Amino acid sequence: MILPIGPIHPSLKEPLRLKLKTQGEKVLSAEIDYGYVHRGIERIMKGKTWQKGIYLSERVCGICSYIHTQTFAETFESIAGERAPLRAQFLRVLTNELDRIQSHLLANSTYFKAIEHETLFMYMLYLREPVMDAIELLTGNRVNMGWNVVGGVRMDVKQVHLDSIMKIMLKLESEYDRYVEMFEKGPLVGLRSHDVGKMTRDEAIKARAVGPIGRASGLENDLRENHHTYKDHLDLKVIWRKEGDNFARNMNRFDEITQSINLIKQVIENLPEGDIRKKIDIPAGYGDWRNEAPRGEVTYTIETNGNLIKNISIRTPSIMNIDACAKYMFNDVATVSDAIATYASVDPCIACTERVVIVDESGKTREFDYPNYPKI
Amino acid sequence: MLDALKDVIRKSSIHVCLINTGGCNGCDIEVVALLSPRYDLEQYGIYVHNNPREADVVLVVGAVTEQWREKLQRIYAKVPEPKIVVAIGNCPLSGDVFNQEGSSVYAPVSDFIPVDAEVSGCPPRPSEILAAILSVGPDAIAARGRQKL
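Residues numbered from 1 in each chain as written. Chains lettered and ligands numbered in written order. Predicted model: local features only at pLDDT ≥ 70, side-chain atom pairs only at ≥ 80, totals over all residues.

> Would you mind showing me how to read the overall build of chain A here?
Counting its regular elements, chain A contains 13 helices and 10 strands. Taking 21 Å as the expected radius of gyration for a compact globule of 376 residues, we find that chain A reaches 21 Å, a close match to that expectation. Across its three principal axes, chain A shows a C-alpha extent of roughly 65 × 60 × 35 Å. Per-residue burial for chain A yields a buried fraction of 51% across its 376 residues. Residue pairs at least 24 apart in sequence account for 70% of intrachain contacts in chain A once pairs closer than 6 positions are excluded. (Helix = DSSP H or I, 4+ residues; strand = E, 2+ residues; numbered from the N terminus. Rg over C-alpha atoms; globule rule 2.2 N^0.38 Å. Buried ≥ 20, exposed ≤ 12 C-beta atoms within 10 Å, placed from the backbone. Contact = placed C-beta atoms within 7 Å.)

Here is the structure:
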């Protein structure tokens, strides 16, 4: 039978319809309906200056809102052929890693909620709040920070703030292992997570899985390796695992948090002096840029005529990961509740995945006719 | 006597359903942050379970998108009395940055369902969301419950 879940359902945070094909309790396959939060951001951005576009790009996704503005700014910098000052690059890394920590902790807490382990769910949120404080201290806001501009960052940071952030990181690091051990060695969590929702390396390549989901299945690539700030100035180790099950995906995120804490320490210790922002004249042109968001790679492709954005395309990681989940991970899931846990383990973010293309009966595609847009 | 007892109990048992009608997740995660030990939503008797059929308070997050225009009203009809709606963030109030030429949002949400409390901010702080729920929740639940009897 077909079991529909969503769009509003106790187990889902965001609106999405999961149609599980089941035989008894066993899940045979799944189909996913999108489209509940499509707002048309790419369409609104066309014909606007980057000063307006950067606010829209921040609101593509609220959980990883930071990386969208950074990628947007770096795309424009690459069109102009310039880079932000080194201090600004370091501050971008600092904020990016803080954002990654809070996003991974939130993703893991959602998973623990899905497997009904409320204690770990609360512990993850307990660990997350000081990180949100650090973000607020640095940028002035908890979620939508407005911190990046083309050519640098908006505000400088004081030594007092850096010391506070360092203190928060040291405290997080000192408590952290205890909670990871609860997950790694806990019998209940292990039973619910090991060998559930398996995806092999070949399947991950076929499904184009990215980020921690791809890395948990053995795809050893992290775009931060290619990013100029990380490559030239910082020491980064790519975390990956072989198992490809729910346990591996969560452990991968846990290990990446350790790596992020390490990076933040490096940034605070080696933060160079200098400007935080420089003026960049943007020529007419075309450019793209890829960055590693908490969920995987995010690509911005922008065509500009100097002042205005002529065309923009945003490719976010969740769409590949959710499809990988629907096609490969649900194949041998024993129960419906395990299917929900598997879905939560891929850390789905619906707000960034929504795109619309209308396909005719004949197979022709055309652009969605935006209802609020005045007819010409 | 029975009414007074019911008033007391109802005031400290608020079931909450969160409906994302096309937001960016920013307000969603601030509601999730409310569950954390720092804010501890459950000490006020508030329980987030995302089931509209049992909810006393409905939190609406996000500008209303094409798909939600009819579904929001259908979900609202399923919510039992008293139907208390709290609109969280700028999106349900005005559409925020999405309400521009060319978008597919239909803000404000008060065009579709009646709204009892509004919290502005992009996103509002968790404590503001908590204050909004507590400002309309307990009294309205007690009062509307009495009318029905």
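> It is not clear to me how the overall build of chain B should be interpreted in this structure. Could you clarify?
Of regular secondary structure, chain B possesses 5 helices and 5 strands. Across chain B, helices and strands are ordered from the amino to the carboxyl terminus as α-β-α-β-β-α-β-α-β-α. Against the 2.2 N^0.38 benchmark of 15 Å for 149 residues, chain B shows a C-alpha radius of gyration of 15 Å, consistent with a compact globule. Counting the 149 residues in chain B, one finds 54% classified as buried. Sequence separation of 24 or more characterises 81% of the internal contacts of chain B that already satisfy a separation of 6 or more.

> Sorry if this is basic, but what is going on with the interface of chain B and chain A here?
As a measure of interface size, the accessible area lost when the parts come together is often cited. Contact residues are listed per partner, giving 36 residues for chain B and 37 residues for chain A. Among the elements of the structure, strand 1 (14-20), helix 2 (26-34) and helix 3 (68-78) of chain B are those that each provide at least two residues to the side of chain B that touches chain A. Here the element with the most residues in the side of chain B that touches chain A is helix 2 of chain B; it accounts for 6 residues. Grouping the amino acids of the side of chain B that touches chain A by side-chain chemistry returns 16 nonpolar, 16 polar and 4 charged. (Nonpolar A, V, L, I, M, F, W, Y, C, P; charged D, E, K, R; others polar.)

> How should the sheet that holds strand 7 (residues 296-305) of chain A be read in this particular structure?
For sheets, the rule is that strands pair by backbone hydrogen bonds, running either parallel or antiparallel. Residue and element names in this part refer to chain A. Read from one edge to the other, the open sheet built from 3 strands follows the order 6-7-8, with strand pairing classed as antiparallel. Two strands close off the open sheet at either side, each with one partner strand: strand 6 (284-293) and strand 8 (309-315). When strand polarity is set aside, the average angle formed by the axes of neighbouring strands in this sheet is 10°. Both strand 7 and strand 8 contribute to a ladder of 6 bridges, which runs antiparallel. Bridge pairing in strand 8 places Thr299 opposite Arg315. (Pairing = 2+ DSSP bridges. Axes fitted to C-alpha atoms, helices over the stretch in contact; angles between N-to-C directions.)

> It is not clear to me how the nonpolar core should be interpreted in this structure. Could you clarify?
Nonpolar side chains tend toward joint burial in soluble globular proteins. Among the nonpolar cores identified, the biggest contains 160 residues, and A:Ala324, B:Val16, B:Val58, B:Leu59 and B:Val86 are the most heavily contacted of them. With 13 residues, helix 4 (residues 86-114) of chain A is the single largest residue contributor to this core. (Core = buried A, V, L, I, M, F, W, Y, C linked by C-beta atoms within 7 Å.)

> What is the right way to look at the sheet that holds strand 1 (residues 2-5) of chain A in this model?
Residue and element names in this part refer to chain A. Judged by pairing direction, the sheet is antiparallel, and its 3 strands sit side by side in the order 1-2-3 without closing on themselves. Across the chains shown, the open sheet's two edge strands, defined by having one partner strand only, are strand 1 and strand 3 (26-33). Across the sheet, the mean angle separating the axes of adjacent strands is 25° when strand polarity is ignored. Sheet analysis places strand 1 next to strand 2 (residues 17-23), joined by 4 bridges and oriented antiparallel. Each bridged residue has a counterpart across the sheet, and for Leu3 the counterpart in strand 2 is Leu20. Sitting on the sheet, helix 13 (residues 336-345) is in contact with strand 1, strand 2 and strand 3, with an inclination near 145° to strand 2.

> For this particular structure, what's the right way to read helix 3 of chain B?
In an α-helix, one full turn covers 3.6 residues, which means residues spaced three or four apart are oriented alike. All names here are of chain B. Within helix 3, burial applies to Trp68, Leu72 and Ile75. Looking straight down helix 3, one finds that the buried residues subtend no more than 70° of arc, so they occupy a single side. The exposed residues of helix 3 that point more than 90 degrees off its buried face are Glu70, Gln73, Arg74 and Ala77. In this fold, the buried residues of helix 3 make contact with strand 1. (Arc of directions from axis to C-beta.)

> Just checking my understanding: could you explain helix 4 of chain A for this structure?
Residues and elements named next belong to chain A. With 29 residues, helix 4 extends 42 Å between its outermost C-alpha atoms, agreeing within 8% with the 42 Å of an ideal straight helix rising 1.5 Å per residue. The element helix 4 is largely enclosed, with a buried count of 27 among its 29 residues. Two residues or fewer after helix 4 comes Glu116, characterised by a positive phi angle close to 65°. (Expected span 1.5 Å × (residues − 1).)

> Looking at this model, I keep getting lost on the pairing of strand 7 of chain A. Mind explaining?
Consecutive residues of a regular strand have side chains that alternate between opposite faces of the sheet. All names here are of chain A. Two strands pair when backbone bridges link them, and strand 6 and strand 7 are joined in this way by 10 bridges, in the antiparallel orientation. Across the sheet, the residue bridging to Asp288 is Thr301, located in strand 7. Between strand 6 and strand 7, which pair antiparallel and follow one another directly, the connecting turn spans 2 residues. As consecutive antiparallel partners, strand 7 and strand 8 are separated by 3 residues, and within that stretch Gly306 has a phi angle of approximately 105°, a positive value.

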